[in-house]
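Examination of the molecular architecture
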Amino acid sequence: MTDAAELERRTAQLLAEHPPADTDPADFLKARFDAGLAWVHYPEGLGGLGAPRSLQAAVDAELAAAGAPDNDPRRIGIGLGMAAPTILRYGTEEQKRRFLRPLWVGEEVWCQLFSEPGAGSDLAALGTRAVREAGGDWIVNGQKVWTSSAHVARWAILIARTDPDLPKHAGITYFVCDMTDPGVEVRPLRQITGEAEFNEVFLTDVRIPDAHRLGDVGDGWRVAQTTLMNERVSIGGMRLPREGGMIGPVSKTWRERPELRTHDLHQRLLKLWVEGEAARLTGERLRQQLVAGQPGYEGSGMKLAFARLNQEISGLEVELRGEEGLLYDDWTMRRPELVDFTGRDAGYRYLRSKGNSIEGGTSEVLLNIVAERVLGLPSEPRTDKDVAWKDLAR
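A brief look at the structure comes next. (Residues numbered from 1 in each chain as written. Predicted model: local features only at pLDDT ≥ 70, side-chain atom pairs only at ≥ 80, totals over all residues. Heavy atoms only, no water.)

Attention now moves to the overall build of the protein chain. Helix and strand counts for the protein chain come out as eleven helices and eight strands. The C-alpha radius of gyration of the protein chain comes to 22 Å, within 12% of the 21 Å expected for a compact globule of 394 residues. Seen through its C-alpha atoms, the protein chain measures out along the principal axes to roughly 70 × 55 × 45 Å. Sorting the 394 residues of the protein chain into buried and exposed places 51% on the buried side. For the protein chain, the proportion of contacts with a sequence separation of at least 24, taken over those separated by at least 6, is 70%. When the accessible area of the protein chain is evaluated, it comes to approximately 18,500 Å², of which 53% is carbon and sulfur surface. Charged side chains in the protein chain number 49 positive and 59 negative. The centres of these two groups are separated by 3 Å. (Helix = DSSP H or I, 4+ residues; strand = E, 2+ residues; numbered from the N terminus. Rg over C-alpha atoms; globule rule 2.2 N^0.38 Å. Buried < 20%, exposed > 50% of the residue type's maximum accessible area, 1.4 Å probe, protein only. Contact = heavy atoms within 4.5 Å. Areas by Shrake-Rupley, 256 points an atom, 1.4 Å probe, with all protein chains shown as cover. Lys, Arg positive; Asp, Glu negative; His and termini not counted. Charge placed at Lys NZ, Arg CZ, Asp CG, Glu CD.)

Take the nonpolar core next. Formed by 36 residues in total, the largest nonpolar core has its most connected members in Trp 39, Leu 100, Trp 104, Trp 110, Phe 114, Ile 159 and Tyr 174. At the level of secondary structure, the elements contributing two or more residues to this core comprise α2 (25-34), α4 (77-90), α5 (93-105), β4 (155-161), β5 (172-178) and α6 (220-236). Counting residues per element, this core draws most heavily on α4, at seven residues. Excluding residues within four positions of it along the chain, Leu 100 makes contact with Phe 33, Trp 39, Tyr 42, Leu 46, Ala 84, Ile 87 and Gln 95. (Core = buried A, V, L, I, M, F, W, Y, C linked by side-chain atoms within 4.5 Å.)

This model, assessed by the stated rule, comprises ten aromatic pairs. Plain terms: the ring middles of Phe 114 and Tyr 174 are 5.9 Å apart, the flat faces sit at 90° to each other, and that makes the pair edge-to-face. With Phe 114 in the loop between β1 (110-113) and β2 (129-132) and Tyr 174 in strand β5, the pair connects residues that are 60 residues apart, well separated along the chain. Relative to Trp 331, the ring of Tyr 328 has its centre 4.2 Å away and its plane inclined at 35°; by these criteria the two rings are tilted. What makes Tyr 328 buried here is its relative accessible area of 16%. The ring of Trp 155 has Arg 154 lying over it, and the distance from NZ or CZ to the ring centre is 4.1 Å. Against the face of Phe 202 rests Arg 187, its NZ or CZ located 4.0 Å from the ring centre. (Phe/Tyr/Trp six-rings, centres within 6.5 Å; stacked < 30°, edge-to-face > 60°. Lys NZ or Arg CZ within 6 Å of the ring centre and 35° of its normal.)

Let us look at the side chain of Glu 372. By secondary structure assignment, the location of Glu 372 is in helix α11 (residues 363-374). Glu 372 sits in the buried class, given a relative accessible area of 14%. At a separation of 3.5 Å, a polar atom in the side chain of Glu 372 contacts the main-chain amide nitrogen of Glu 380. A polar contact is formed between the side chain of Glu 372 and the side chain of Arg 382, at a distance of 3.5 Å. (Polar contact = N/O pair within 3.5 Å; in protein donor to acceptor, adjacent residues only side chain to side chain.)

This part covers the pattern of salt bridges. The tally for this structure, following the rule as stated, stands at 41 salt bridges. For Arg 344, the salt bridge identified is with Asp 329, shortest N-O distance 2.9 Å. With Arg 344 in the loop between α9 (298-321) and α10 (346-352) and Asp 329 in the loop between α9 and α10, this pair connects stretches of sequence that are 15 residues apart. One salt-bridge network, in which partners are shared between bridges, spans Arg 257, Glu 259, Glu 317, Arg 321, Glu 324 and Arg 349. (Salt bridge = Lys/Arg side-chain N within 4 Å of Asp/Glu carboxyl O.)

Taking 1.5 Å as the rise per residue, α4 with 14 residues should run 20 Å; its terminal C-alpha atoms sit 19 Å apart, in good agreement. At Ala 83, α4 shows its strongest bend, of approximately 40°, with the proline Pro 85 following within four residues. A large share of α4 lies buried, amounting to eleven of its 14 residues. Those residues of α4 that fall on the buried side of the exposure criterion are Ile 78, Gly 79, Leu 80, Gly 81, Met 82, Ala 83, Ala 84, Pro 85, Thr 86, Ile 87 and Tyr 90. (Expected span 1.5 Å × (residues − 1). Bend = angle between axes of the 7 residues up to and from the residue.)

Once that is clear, we can look at the pairing of strand β3 (residues 138-145). Bridging between β2 and β3 involves four bridges; their strand directions are antiparallel. By the bridge assignment for β3, Arg 132 is matched with Trp 138. Between β2 and β3, which pair antiparallel one after the other, the connecting turn spans five residues, and Gly 136 there sits at a positive phi close to 110°. Across seven bridges, the pairing between β3 and strand β7 (residues 198-208) is antiparallel. When the sheet's bridge partners are listed, Gln 143 is paired in β7 with Phe 202. (Pairing = 2+ DSSP bridges.)

Here it is in structure tokens:
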């Protein structure tokens, strides 16, 4: 296993052979991946060196100090946080070598085709069908919804029903879908912010080769759990500095605008600042627990806290700013490549945070997961677990 000294040596060698000031950013990122310094805990040849995951932060800090470019992780967050760990665990060697490098470098953006109009919180009820042809390819038909980045994505992680005669959690298979297929239609979903970062995706006779299947036929629900657990960690457990995220702008306003202060707002800000810091440190501890591999269900708790805090903090910020908080900078219909919570005004943060308790798993579903999987409480009664999907009422 590669140790800290070896990583330091390799980082210095990368900087010497590819000086950031004189190297094209894309070429530097490719060289970094090939040097095993992208995901140091990944296997050799796949962007890593089999090193402890905890050493990644030191590599990142050293490269940042040298002025090295990053891969714009907010733009490719779905690929980094959801597709990559799933491909690493369930993909074939050919799939890993095909997809991981351009994914990490940022050459190919990914999206997630999971939720459907009739299968959001109850994702296992999904109805998108994949039927296998005699030649081995799969033909997919259906509709997906709430798909971030679909309008810029090259690839998608997709779950579809391959056997309707089995109960809903069975008979699902996991695929990599080519978003350039002529049968893929992406339509914008305009949100309360005025933007359309979300999309609905219609799949009509989309052809997926069996070589783009992840995991066994019918094992898609188990594969999807890896994606979902990583999604919740990536949303709720992202690495932030102190006063990073939503608490930063409201704290800055408090310090710079003493005329806005009241005793009540001060008490509420202190409470939320402490809760935000506790959540940040809990996220750091959770990331340290990931050194052994798979994330646990604790990520669901982190995502719950993330949604609640964002909504409460943004509400406090609007109230603190008074009449200014009611202003909104731009209602123009746009299709952004990423969500920019801190680069926009207070009105945007307030409106956009309303979606935090829906995206990445609704808060209600995550409460059930925490109750059953973390606290060990009895499961809710379910009458459809052993019923064939085709016989369920819809």
